[in-house]
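# Residue-level structural notes
Now for the letters of each chain:
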Amino acid sequence: MGTQVHQHVHGLDAASCCAAARDEIVRLEQLWSVFLPNSEISELARRAGSTALSVASDTAAILRLARELHDLTRGAFDVTAGPLIELWRAAARRGIEPTEKALGEALALVNAGDIELIEPQTVRLRRHGQRLDLGAIGKGYAADRCIELYRARGIRHAFIDLGGNVAVLGGKPDGTPWRVGLQTPGRERGECFGWVDVCDASLVTSGNYERGYEFGARRYSHILDPRTGSPLPDDLRSVSVLHASSALADAFATALIVMDTQSAFEFASDFGLAAVLFDAGTIRLSPAMAHCFRSASSRAAVVE
Ligand code: AMP
Ligand code: MG
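A brief report on the enclosed structure follows. (Residues numbered from 1 in each chain as written. Chains lettered and ligands numbered in written order. Predicted model: local features only at pLDDT ≥ 70, side-chain atom pairs only at ≥ 80, totals over all residues. Heavy atoms only, no water.)

## Re the sheet that holds strand β11 (residues 218-224)
So the rule is basically this: Paired strands, as defined in this entry, are two strands with at least two bridges between them according to DSSP. Strands are runs of DSSP state E lasting at least two residues, helices are runs of H or I lasting at least four, and both sets are numbered from the N terminus onward. Fitted lines through C-alpha atoms give the axes, limited to the stretch in contact for helices. The angle between two N-to-C directions lies from 0 to 180 degrees. Contact between two residues is taken to exist if any of their heavy atoms lie within 4.5 Å; hydrogens are not considered.
Spatially, three strands are ordered β10-β11-β12 in an open sheet, and the strand pairing comes out antiparallel. Both edges of this open sheet fall to β10 (212-215) and β12 (231-233), since each of them pairs with a single strand only. Going across the sheet, the axis of each strand differs from the next one's by a mean of 40°, ignoring polarity. Direction of pairing for β11 relative to β12: antiparallel, over a ladder of two bridges. Within β12, the residue paired with Tyr220 across the bridge is Pro233. Set on the sheet, helix α4 (residues 82-94) makes contact with β10, β11 and β12; between it and β10 the angle comes to about 40°. Strands in contact with helix α7 (residues 246-258) are β11 and β12; relative to β11, the strand with the most contacts, it is inclined by about 135°.

The structure is reproduced here in structure tokens:
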């Protein structure tokens, strides 16, 4: 999944638990990677506009969820953004931004409503050229699976971090919650503007800094707006979402960063989502996050 995974598992047999979780992540990556030609996601792209594919239950489940999240976020989150992501990735390799024509063609293929779930585990992409990208939800889904796996093996205290997707089981063995720091965008890794205490939940951050597409001096975020086809500006924004489900926290964090900060704040408030919105030094907390967040600085502007 293009990231490092850290696990802290406490209990008998913790080492074999970690190994089993690692195997589970590898299994999901083999189903969903856009870089592996034999993944189900690659096969669905090859068959787009023609035949359906019988998929693993996890693939059907994540696609069902992704379709609902697309509707709920009014298109800010869209796993059919594959053609756009591919276009911008290829353009960045050449160092030349895509033409309006190419952008328009890729954008026309983006619509999560075209994911047909024919039977519970049979999927087809309606139109030729369509392709999925689960980069904004797959790590969260995998974190949920790992937490389930720990629980099924009798573990009561565990922490897993898949590159910014943190999920925890219980609290720490000493009875205190797991404390997750929130990286200050644009600052040295490890410098945090605040933290959130987490028990039996997941905290996921999406940021517009760090990863992205570069064209000489121009830089864009790796997250794009599926409604316009363009990547977001490379600015100092981040969104962190706390949720019982890591898959949902992951998808909502991406969706909220696609929205502007005001719309994201309203969305999080309306849906009772616990979110921290960091925008160029200003921190905004949704009402559900207000009692979970601790600021690292007494000077930080926190608007609730
Ligand atoms: P995340 O780091 O969870 O915000 O996910 C970002 C990744 O998801 C990108 O690297 C793309 O692979 C993919 N992606 C980018 N923009 C979107 C979007 N608006 N909706 C869904 N997936 C996206
Ligand atoms: Mg995400």
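## Some remarks on the site of ligand 1
Note the threshold: By convention in this text, a residue qualifies as near a molecule or strand provided that one of its non-hydrogen atoms is within 4 Å of it. Counted as a polar contact is a pair of N or O atoms within 3.5 Å, where, for protein atoms, one must be capable of donating a hydrogen and the other of accepting one, and residues adjacent in sequence contribute only when both atoms are in side chains. Here the Shrake-Rupley method, with its probe set to 1.4 Å, supplies the accessible areas, and only the displayed protein chains count as covering residues. Charged residues are taken to be Asp, Glu, Lys and Arg, nonpolar residues to be Ala, Val, Leu, Ile, Met, Phe, Trp, Tyr, Cys and Pro, and polar residues to be all remaining types, Gly included.
In the vicinity of ligand 1 lie 16 residues, with Ala76, Asp133, Ser206, Leu224 and Thr254 positioned nearest. The contact in question runs from an oxygen atom of ligand 1 to an N or O atom on the backbone of Gly135, over 3.4 Å. Coverage of ligand 1 by the protein chains reaches 94% of its 500 Å² of free accessible surface. Among the elements of the structure, β11 and α7 are those that each provide at least two residues to the shell around ligand 1. Broken down by class, the residue content of the shell around ligand 1 amounts to eight nonpolar, four polar and four charged.

## Thoughts on the coordination of the magnesium ion (ligand 2)
Just so we agree on the cut-off: Note that water is not among the atoms used; donors are N, O and S atoms within 2.8 Å of the metal (3.2 Å for Na, K and Ca), so sites may look incomplete.
Only Ala136 (O), Asp250 (O), Asp250 (OD) and Thr254 (OG1) from the protein reach the magnesium ion (ligand 2) as donors, at distances of 2.0 to 2.5 Å. Between consecutive donor residues of the magnesium ion (ligand 2), the sequence gaps follow A-x113-D-x3-T. With Asp250 and Thr254 both in helix α7 and four residues apart, this pair spans about one turn of that helix.

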